[in-house]
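# Chain and residue survey
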Amino acid sequence: MPTPFDQSVIEEFRANGGKVGGPFAGEDLLLLTTTDAKSGKETTTPLGYVRHGDSLVIVGSRPGAPRHPGWYHNLLAHPVVRVETGTRTFEALAVPAEGTRREELFEHVVRVAPGYGDHQARTTRPLPVVVLERAEPDGWEEPVEVRSLADKLMEVHTWLRGQLRQVRAEVDAHFAARAAHHGPGEPPAPGLGLQIRQRCLAFCQALEFHHTSEDAHLLPGIARYHPHLTDTFDRLRDEHRTVARVQGELVTLLAGIGIADPRRFRSELDRMSTELNAHLDYEEESLLPLLAGVPWPPAPPVGTAGNSSG
């Protein structure tokens, strides 16, 4: 829960299109909504930010307190966050910067907002520098029109496939940087370890939510009208469990990507890619014909539209 002071800032921010007075008057301010790492509940925090190119950068300063702020721990557990700037609200992927990239970004932040340098001087912990990146995979374009549940399913599947391709591209860049290192000493960190982790975790959580929703709502609803497809639905549920197991193995592997064996890591990623794409292909083959006639978004229940007490 936000503190009473933060809550007053949040309310003023939303009431005035992102403008607030008091200690934040005239500053670049955003609202960051994260999912609590323990409770799973959403919590919103007002934060200053600095622009760096097309990205927004936030710093876990607290200002100079000995421990990282709660929102930082939250985004490590749930990388997709909601951001409000002015009257605009969007989802972002929160990626802590590492190594050289972190140092360069922090220097940029201090040039724009020198107070963060003072905060760093008060504590021995390196202040986390977090980049709020586009949550969608590279090359993602919103579908022109989603008119049926089949269209919506394909939108989700296309997003998942795009995320997986981007994870693979970032993994290749990570291992290429390691392989390019020559000479004594440890290879320089390419700065993609946390980026890959956050992207893959976001992908895995979105996939888990998608499958959980299908198992709880979509498949039982379709099964009522198509009892002859029981074997198909059972297979889809079995594949959901298989993909969930592979996800868990991959997330565990990501925790040590800085020292991971490239061949083993790529083998795991290839295995997951193969199983996931085969599952999505089968799901589309089985479900799209059944969902093509179901409108999206769903129509309101009969009798609720246009009701009035007068």
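In the block above lies the structure referred to throughout.
So, a few notes on the structure that sits alongside this text. (Residues numbered from 1 in each chain as written. Predicted model: local features only at pLDDT ≥ 70, side-chain atom pairs only at ≥ 80, totals over all residues. Heavy atoms only, no water.)

Each helix and strand counted, the chain has eight helices and seven strands in total. Here the chain holds 310 residues, and the buried ones make up 43% of them. In the chain, the proportion of contacts linking residues at least 24 apart, taken out of those at least 6 apart, comes to 70%. By element, 54% of the accessible surface of the chain is carried by carbon and sulfur atoms, the whole surface being about 17,000 Å². (Helix = DSSP H or I, 4+ residues; strand = E, 2+ residues; numbered from the N terminus. Buried < 20%, exposed > 50% of the residue type's maximum accessible area, 1.4 Å probe, protein only. Contact = heavy atoms within 4.5 Å. Areas by Shrake-Rupley, 256 points an atom, 1.4 Å probe, with all protein chains shown as cover.)

This brings us to the sheet that holds strand β5 (residues 80-85). Spatial strand order, β2-β1-β5-β6-β7-β4-β3: seven strands in an open sheet with antiparallel pairing. Edge positions in the open sheet fall to β2 (42-48) and β3 (50-52), since each of these has one partner strand only. In this sheet, neighbouring strand axes are inclined to one another by 35° on average, regardless of whether the strands run parallel or antiparallel. Pairing analysis gives seven bridges linking strand β1 (residues 29-35) to β2, with the strands arranged antiparallel. Note that in β2 the partner of leucine 31 across the bridge is proline 46. (Pairing = 2+ DSSP bridges. Axes fitted to C-alpha atoms, helices over the stretch in contact; angles between N-to-C directions.)

In terms of residue burial, β2 counts as a mostly covered element, since six of its seven residues are buried. Turn length for the β1-β2 hairpin, with the two strands adjacent in sequence and antiparallel, is six residues, and the turn residue glycine 40 shows positive phi of about 80°.

Pairing analysis gives three bridges linking β1 to β5, with the strands arranged antiparallel. By the bridge assignment, threonine 33 is partnered in β5 with arginine 82. What sits between the antiparallel neighbours β5 and strand β6 (residues 88-96) is a turn of two residues, in which glycine 86 has the positive phi angle 60°.

So, about the nonpolar core. Phe203 and Phe265 are the most contacted members of the largest nonpolar core, which totals 22 residues. Mapped by element, the contributors of at least two residues to this core are α5 (149-179), α6 (193-225), α7 (230-254) and α8 (262-291). Per-element accounting of this core gives the leading share, six residues, to α5. For phenylalanine 203, the contacting residues outside a window of four places in its chain are Leu160, Gln163, Leu164, Met272 and Leu276. Residues Ile58, Val83, Ala92 and Leu132 belong to the second largest nonpolar core, which totals 16 residues. (Core = buried A, V, L, I, M, F, W, Y, C linked by side-chain atoms within 4.5 Å.)

One can find valine 50 in strand β3. Look at valine 50 and you get buried, because its relative accessible area is 4%. Considered as a pair, valine 50 and valine 110 are 60 residues apart in the sequence and their alpha carbons are 9.4 Å apart.

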